[in-house]
Amino acid sequence: MRHVTASQIGEQSSDGILSNSEGGPTVIKAAIVGSGFMAATHARATRAAGGLVDCVVVRREDQLAAARNAVGAARATTDLASVLADPAIEIVHICTPNGSHAALADAAIAAGKHVICEKPLATDGDLADSLTSAAKAGGVIGTVPFVYRFHPLVREMRVRIGAGDLGALSVVHGSYLQDWMASDTDGNWRVDPTAGGRSRAFADIGSHWCDLFEFVTQDRIQSLSAQLKIVFSDRGGKAVHTEDAASVHFRTETGVIGTVVVAQTAAGRKNRLHLEISGSATSLAFDQEEPEQLWVGHRTKTRLLSRDPQILAPGAARYAFLPAGHAQGYQDCFNAFVADTHQAIAGSTPSGLPTFADGARAARLCDAVIESAASGGAWITPHNNGLR
Ligand code: SOE
């Protein structure tokens, strides 16, 4: 894989620059497909990781100027083929509506590009599995931004659970609540199943909660029973066929039972992912809107653990870039995710990097939720793709 050195592109090197085989700085050049909120988030993270946002790809000529400004790219184009044919472009970020992810990822892999694909990797498990296999066969890195894994206190949860500090795990529970769809006049491409897929709320944010739960516990959902709810049957004069909310019960491979409630119509909740792991000795609870503290519960005492790199386990402190009291947040998680993707491109294996296999896992869970809800809440075993 050819690396572009900073001197070749006249860029000032910054933190996070990878070294190439000649020992010089390497600046990864990225193309971003799409120009919305997530594209801008990916672009900031790319720059923070020492990469260069060489171009943004959009569908229409009249979008070029706005897209270039929104993403801060060196150039903007509607010609995806020329971008995929450009040997200087090493990684493609896919930040388009869900229904286009699989085809774009497939084309990027075929062109030998590393890929960061926004979730969902694909709108069904078979497609997601095939992309995972294609990336492996093509020798390229494929990652999916389950970025909440990069909150330092989430890593601390994983370390403490892995060390057995919680005792016997009994129940796992929580929710992921937002309110940006709380009015029947709210809408966007996600409401159209062709663009958004067969599931809306669970695929979009329930996938985050399940990924985070399985990540911190290193356990996996073995069977689930789901209910879906459409709050508004009509949005903007169009019939609605995908859910605003989901309730999922599950049992894991180690016998833990749990529930998660997901909704994007929960007034007052902005991006509130809450995960609580209940153990016989200790329980842990994480609130994504309060990521600077972790609730640690004991029978005789309870405390709030601060995101203080001085006291966290090394695997957690690695992502605590600032001292305690200097709050880190969502973009810091994204920055760390892209930096670790760059490290993987350079040949490292950063712990906990969410890859296409994790994206495929999420797609399989989503398939099972849809199947269960369609059969009145029947218990369904998600297809085990064996990829992770
Ligand atoms: C909208 O629900 C959204 O932007 C999701 O698509 C992201 O994955 C999540 O991190 C925040 O909310």
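Coordinates for the structure precede this section.
Reading the values: rules and limits
- Residues numbered from 1 in each chain as written.
- Predicted model: local features only at pLDDT ≥ 70, side-chain atom pairs only at ≥ 80, totals over all residues.
- Heavy atoms only, no water.
- Pairing = 2+ DSSP bridges.
- Helix = DSSP H or I, 4+ residues; strand = E, 2+ residues; numbered from the N terminus.
- Contact = heavy atoms within 4.5 Å.
- Axes fitted to C-alpha atoms, helices over the stretch in contact; angles between N-to-C directions.
- Parallel < 35°, antiparallel > 145°, perpendicular 65-115°, else oblique.
- Nonpolar A, V, L, I, M, F, W, Y, C, P; charged D, E, K, R; others polar.
- Disulfide = S-S within 2.5 Å.
- Buried < 20%, exposed > 50% of the residue type's maximum accessible area, 1.4 Å probe, protein only.
- Phe/Tyr/Trp six-rings, centres within 6.5 Å; stacked < 30°, edge-to-face > 60°.
- Lys NZ or Arg CZ within 6 Å of the ring centre and 35° of its normal.
- Expected span 1.5 Å × (residues − 1).
- Core = buried A, V, L, I, M, F, W, Y, C linked by side-chain atoms within 4.5 Å.
- Near = heavy atom within 4 Å.
- Polar contact = N/O pair within 3.5 Å; in protein donor to acceptor, adjacent residues only side chain to side chain.
- Areas by Shrake-Rupley, 256 points an atom, 1.4 Å probe, with all protein chains shown as cover.
- 1 Å grid on protein atoms, 1.4 Å probe; cavity = no way out; pocket = protein on both sides within 12 Å on 5 of 7 lines; lining within 4 Å.
- Sits in = over half its atoms within 2 Å of the grid points.

1. Side note on the sheet that holds strand E3 (residues 29-33)
- Strand order across the open sheet formed by six strands is E5-E4-E3-E6-E7-E8, with parallel pairing between neighbours. The sheet is open, and its two edges are formed by strand E5 (75-77) and strand E8 (142-143), each paired on a single side.
- With two bridges connecting them, strand E7 (residues 114-117) and E8 associate as parallel partners. Residue Ile116 lies in a different strand from E8, and its bridge partner there is Thr143.
- Sheet contacts for helix H11 (residues 330-345): strand E6 (91-94), E7 and E8; angle to E7, the most-contacted strand, approximately 160°.

2. Details of the packing of helix H7 (residues 152-162) against helix H9 (residues 201-217)
- Two elements in contact, H7 and H9, have axes separated by 7 Å at closest approach and are oriented at 45°. By the criterion of interaxial angle, the relationship of H7 to H9 is oblique. Across from Val154, Arg155, Met157, Arg158 and Ile161 in H7, the residues of H9 making contact are Leu212, Phe215, Val216 and Thr217.
- Considering only residue class, the contact of H7 with H9 consists of six nonpolar, one polar and two charged.

3. Considerations on the state of the cysteines
- Applying the stated rule across the entire model yields zero disulfides.
- Distance from the sulfur of Cys55, which forms no disulfide, to the nearest cysteine sulfur (Cys95) is 12 Å.
- Here Cys55 falls in the buried class, since its relative accessible area comes to 0%.
- Free of any disulfide, Cys366 has its nearest neighbouring cysteine sulfur in Cys210, separated by 9.4 Å.

4. Some thoughts on the packing of aromatic side chains
- In this structure the tally under the stated criterion is nine aromatic pairs.
- Look at Phe150 and Phe337: their rings are 6.0 Å apart centre to centre, the planes differ by 65°, and that puts the pair in the edge-to-face class. Pair noted here: Phe150 is in the loop between E8 and H7 and Phe337 is in helix H11, with a separation of 187 residues, a long-range link. Here Phe150 matches Phe337 in class, with each residue buried.
- Taken together, Tyr148, Phe150, Tyr176, Tyr319, Tyr330, Phe334 and Phe337 form an aromatic cluster joined through their ring pairs.
- Sitting over the ring of Phe150, Arg155 keeps its end group 4.8 Å from the ring centre.

5. Observations concerning helix H12 (residues 356-374)
- Between its first and last C-alpha atoms H12 spans 27 Å; for 19 residues at 1.5 Å apiece the expected length is 27 Å, and the two agree.
- Counting buried positions over the 19 residues of H12 gives 16, a clear majority of the element.
- Gly376, located one to two residues past H12, shows a positive phi value of around 70°.

6. Some words on the nonpolar core
- Ranked by size, the top nonpolar core spans 74 residues in total, and within it Trp209, Leu224, Leu275 and Ile277 carry the most contacts.
- Top element by residues in this core is H9. It accounts for ten residues.
- Aside from chain neighbours lying at most four places away, what touches Ile277 is Met157, Ile161, Leu166, Leu169, Val171, Val172, Phe213, Val216, Thr217, Thr282, Ser283 and Leu284.
- Val33, Ile89, Val92 and Ala135 belong to the second largest nonpolar core, which has 28 residues in total.

7. What about the site of the ligand?
- Lining the immediate environment of the ligand, one finds 13 residues, of which Lys119, Tyr148, Gln178, Asp204 and His208 sit closest.
- Residue Gln178 places a side-chain N or O atom 3.1 Å away from an oxygen atom belonging to the ligand.
- Starting from 300 Å² of accessible surface for the ligand in isolation, the protein chains cover 89%.
- The cavity where the ligand resides is the largest pocket.
- Ranked by the residues each element gives to the shell around the ligand, the list is headed by H9, at three residues.
- Considered class by class, the residues forming the shell around the ligand number six nonpolar, four polar and three charged.

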